[in-house]
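Take a look at the letters that make up each chain.
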Amino acid sequence: MLTASRVRDLAAHTGDPAVASVYLDVDGRHRPVWADCVTAFDHLADQLVRRAAQRGDLSLSRSVDGDVARMRAWLQAGVDRERTRGVALFACAEQDYFEAVEVPAPLRDDAGVGAVPRVGPLVALLDGRRRALVALVDRRRLRVLRSELGEVSEVLAAEDPEPRAVDTSVEVGSFERHDGEAAEVHYRRAAGLVEQACRDAAPDHVLVAGPDDAVAGLTRHLPPPVAATVAGRLHLATTAGPAEVAAAVDGIEDAVDRARRAAVVEQLMARAGADDGGVLGIEHVLHALAAGKVGTLVVADGFGVAGSSCPSCGALHAGAAGGPCPVCGAELVACDDVVAAAVARSVAANASVVVCPAGELDAAAGGIGALERW
Ligand SMILES: [Zn+2]
């Protein structure tokens, strides 16, 4: 399972001479035939080999050849495509380093060679698909499902008994009253179960679905800390299957996520504009990173620039290789994508990384920015 600590461990690895990273979309909906995945991998592998050759460094080329062979062998063993939609592979043959991450969400094909594993897409995936609990409620029933990285599983199902209709003979209107009281008891019990499920699963947020009166009833009885995490309402029947729930969650997560990322970008632009702990552009970001000041790295999806890194002190520079490291004087080496390296460095340093849609960090921001730690 993909977790923040797994990504942090990956980001903390430094390759020698370099780490090859491959992202492969193995989603059966995009690539129904396995051979399509293999063809896509071959294409990415060629890209890696070509990039290594361009550097004219024989040991790098040898290492990347070994990386590609190891990745190919791993893929040949097969992937359970019932559960896995995306695969991320990281290798440094010279160090006998190999990591494979299988995730239940699709990942865009991508490949690169650098000093560190390219973790940006995993970070974006973890950040964008939060852990949610879904409560489906009506006047008698409650179902709680858990959604993580697009995978939905049932946590609990509970049903309270129908109130007995014999009560109607006693007094006109008493059945309705009794029914309303029974529903209220059910909502209180349901709220307790949702609270317990939240304690067990520690979700980022709660989503609710059901008829208006049931949603209102459940919400009324939720303790304030749980009620505060209710992020939205889904339109689903209480009998909805996992696939239906997953699709509904996707829709709302996208909206919640877009709003959250937009707010971070807005904060970045405001703080950069006021010179109040916000910096824009790769040069300034690398500077803040070297100083250990990055609290949140904000990067546009797909943004990358070539640069150089220092094999001695690890400093990253946006300029081309050649010449001494301005920090320690060691000879700089070329780095295909200094942004990928900055993302890994930030993750390893426990900073948050927010990947936003390419259009959102416009030309003024230079594709990347950072909020400094307070
Ligand atoms: Zn240096």
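Residues numbered from 1 in each chain as written. Predicted model: local features only at pLDDT ≥ 70, side-chain atom pairs only at ≥ 80, totals over all residues. Heavy atoms only, no water.

K.L.:
Explanation requested: the coordination of the zinc ion in the structure shown.
P.N.:
Reference values for angles at a metal are 109.5 degrees in the four-donor tetrahedral case and 90 or 180 degrees in the six-donor octahedral case. Coordination of the zinc ion by the protein comes from Cys310 (SG), Cys313 (SG), Cys325 (SG) and Cys328 (SG), over a distance range of 2.2 to 2.4 Å. Around the zinc ion sit 4 donor atoms, and with donor-metal-donor angles ranging over 97 to 115° the site reads as tetrahedral. Along the chain, the residues that donate to the zinc ion are spaced as C-x2-C-x11-C-x2-C. Of this pair, cysteine 313 sits in the loop between strand S12 (307–309) and strand S13 (316–317) while cysteine 328 sits in the loop between S13 and strand S14 (333–335), and the two are 15 residues apart along the sequence. Residue cysteine 313 is classed as partly exposed on the basis of its relative accessible area, which comes to 39%. Note on cysteine 328: relative accessible area 38%, which makes it partly exposed. (Donors = N, O, S within 2.8 Å, 3.2 Å for Na, K, Ca; no water. Tetrahedral: all angles 85-135°; square planar, octahedral: opposite > 155°, others 65-115°. Helix = DSSP H or I, 4+ residues; strand = E, 2+ residues; numbered from the N terminus. Buried < 20%, exposed > 50% of the residue type's maximum accessible area, 1.4 Å probe, protein only.)

K.L.:
Could you clarify how one ought to interpret the side chain of arginine 140 in this entry?
P.N.:
Within the element layout of this structure, arginine 140 appears in the loop between strand S5 (132–137) and strand S6 (141–148). Ignoring anything within four residues of it in the chain, the contact list for arginine 140 reads Ala158, Glu159, Asp160, Pro161, Glu162, Pro163, Asp179, Ala182, Ala183 and His186. (Contact = heavy atoms within 4.5 Å.)

K.L.:
Sorry if this is basic, but what is going on with unusual backbone geometry here?
P.N.:
Excluding glycine, most residues fall at negative phi; most peptide bonds, likewise, are trans. The omega torsion across aspartate 16 and proline 17 is 10°, close enough to zero to call that bond cis. Mapped onto the elements, proline 17 comes out in the loop between helix H1 (4–11) and strand S1 (19–25). Look at aspartate 275: it is not a glycine, yet its phi comes out positive at around 55°. Note that aspartate 275 resides in the loop between helix H8 (242–273) and strand S10 (278–280).

K.L.:
Looking at this structure, how should I read the pattern of salt bridges?
P.N.:
Between side chains of opposite charge, pairing is possible as soon as their charged atoms come close. A complete count under the given rule lists 24 salt bridges for this structure. Here aspartate 213 makes a salt bridge to arginine 139, at a shortest N to O gap of 3.1 Å. In this pair, aspartate 213 is assigned in helix H6 (residues 212–221) and arginine 139 in the loop between S5 and S6, connecting sequence segments 74 residues apart. For aspartate 213, a relative accessible area of 37% puts it in the partly exposed group. Measuring nitrogen to oxygen at the nearest pair gives 2.8 Å for the salt bridge that ties arginine 146 to glutamate 148. Put simply, Arg139, Arg140, Asp179 and Asp213 are held in one network by salt bridges that share partners. (Salt bridge = Lys/Arg side-chain N within 4 Å of Asp/Glu carboxyl O.)

K.L.:
It is not clear to me how the domain arrangement of the chain should be interpreted in this structure. Could you clarify?
P.N.:
Interface extent is often summarised as the accessible area lost during association of the parts. The domain boundaries assigned to the chain delineate domain 1 (1–118), domain 2 (130–256) and domain 3 (277–374). For domain 2 versus domain 3, the distance between C-alpha centres works out to 44 Å. (Domains from an automatic or database assignment.)

K.L.:
Whenever I open this one, the sheet that holds strand S2 (residues 86–92) confuses me. Can you help?
P.N.:
Through backbone hydrogen bonds, the strands of a sheet pair up, either in parallel or in antiparallel fashion. Spatially, 4 strands are ordered S3-S2-S1-S4 in an open sheet, and the strand pairing comes out antiparallel. Only two strands of the sheet have a single partner each, and these edge strands are strand S3 (97–103) and strand S4 (110–114). Strand-to-strand twist across the sheet, computed as the mean angle between neighbouring axes with direction ignored, equals 10°. Relative to S3, S2 runs antiparallel, the two sharing 7 bridges. The residue bridging valine 87 from the neighbouring strand is glutamate 102, located in S3. (Pairing = 2+ DSSP bridges. Axes fitted to C-alpha atoms, helices over the stretch in contact; angles between N-to-C directions.)

K.L.:
Got a minute to help me understand helix H4 (residues 120–128) in this structure?
P.N.:
Side chains that are three or four residues apart share a direction in an α-helix, a result of its 3.6 residues per turn. Among the 9 residues of H4, 7 are classified as buried, and the element is accordingly described as predominantly covered. All of the buried residues along H4 are Gly120, Leu122, Val123, Ala124, Leu125, Asp127 and Gly128.

K.L.:
Is there a simple way to explain the environment of alanine 52 in this structure?
P.N.:
Along the chain, alanine 52 falls in helix H2 (residues 34–55). Looking at alanine 52, the relative accessible area reads 2%, which means it is buried. When the C-alpha atoms of alanine 52 and valine 113 are compared, they prove to be 7.5 Å apart, with 61 residues separating the residues in sequence.

K.L.:
Please clarify how the nonpolar core should be interpreted in this entry.
P.N.:
General note: in soluble globular proteins, nonpolar side chains tend to be found buried as a group. Phe90, Val119 and Leu122 are the most contacted members of the largest nonpolar core, which totals 45 residues. Taken together, domain 1 (1–118) and domain 3 (277–374) each give at least three residues to this core, which thus spans both. Those residues in contact with leucine 122, other than ones at most four positions away along the chain, are Leu2, Val7, Leu10, Tyr23, Ala88, Phe90, Val101 and Leu107. Core analysis: the next-biggest nonpolar cluster, separate from the first, contains 25 residues, Cys37, Leu60, Met71 and Trp74 among them. (Core = buried A, V, L, I, M, F, W, Y, C linked by side-chain atoms within 4.5 Å.)

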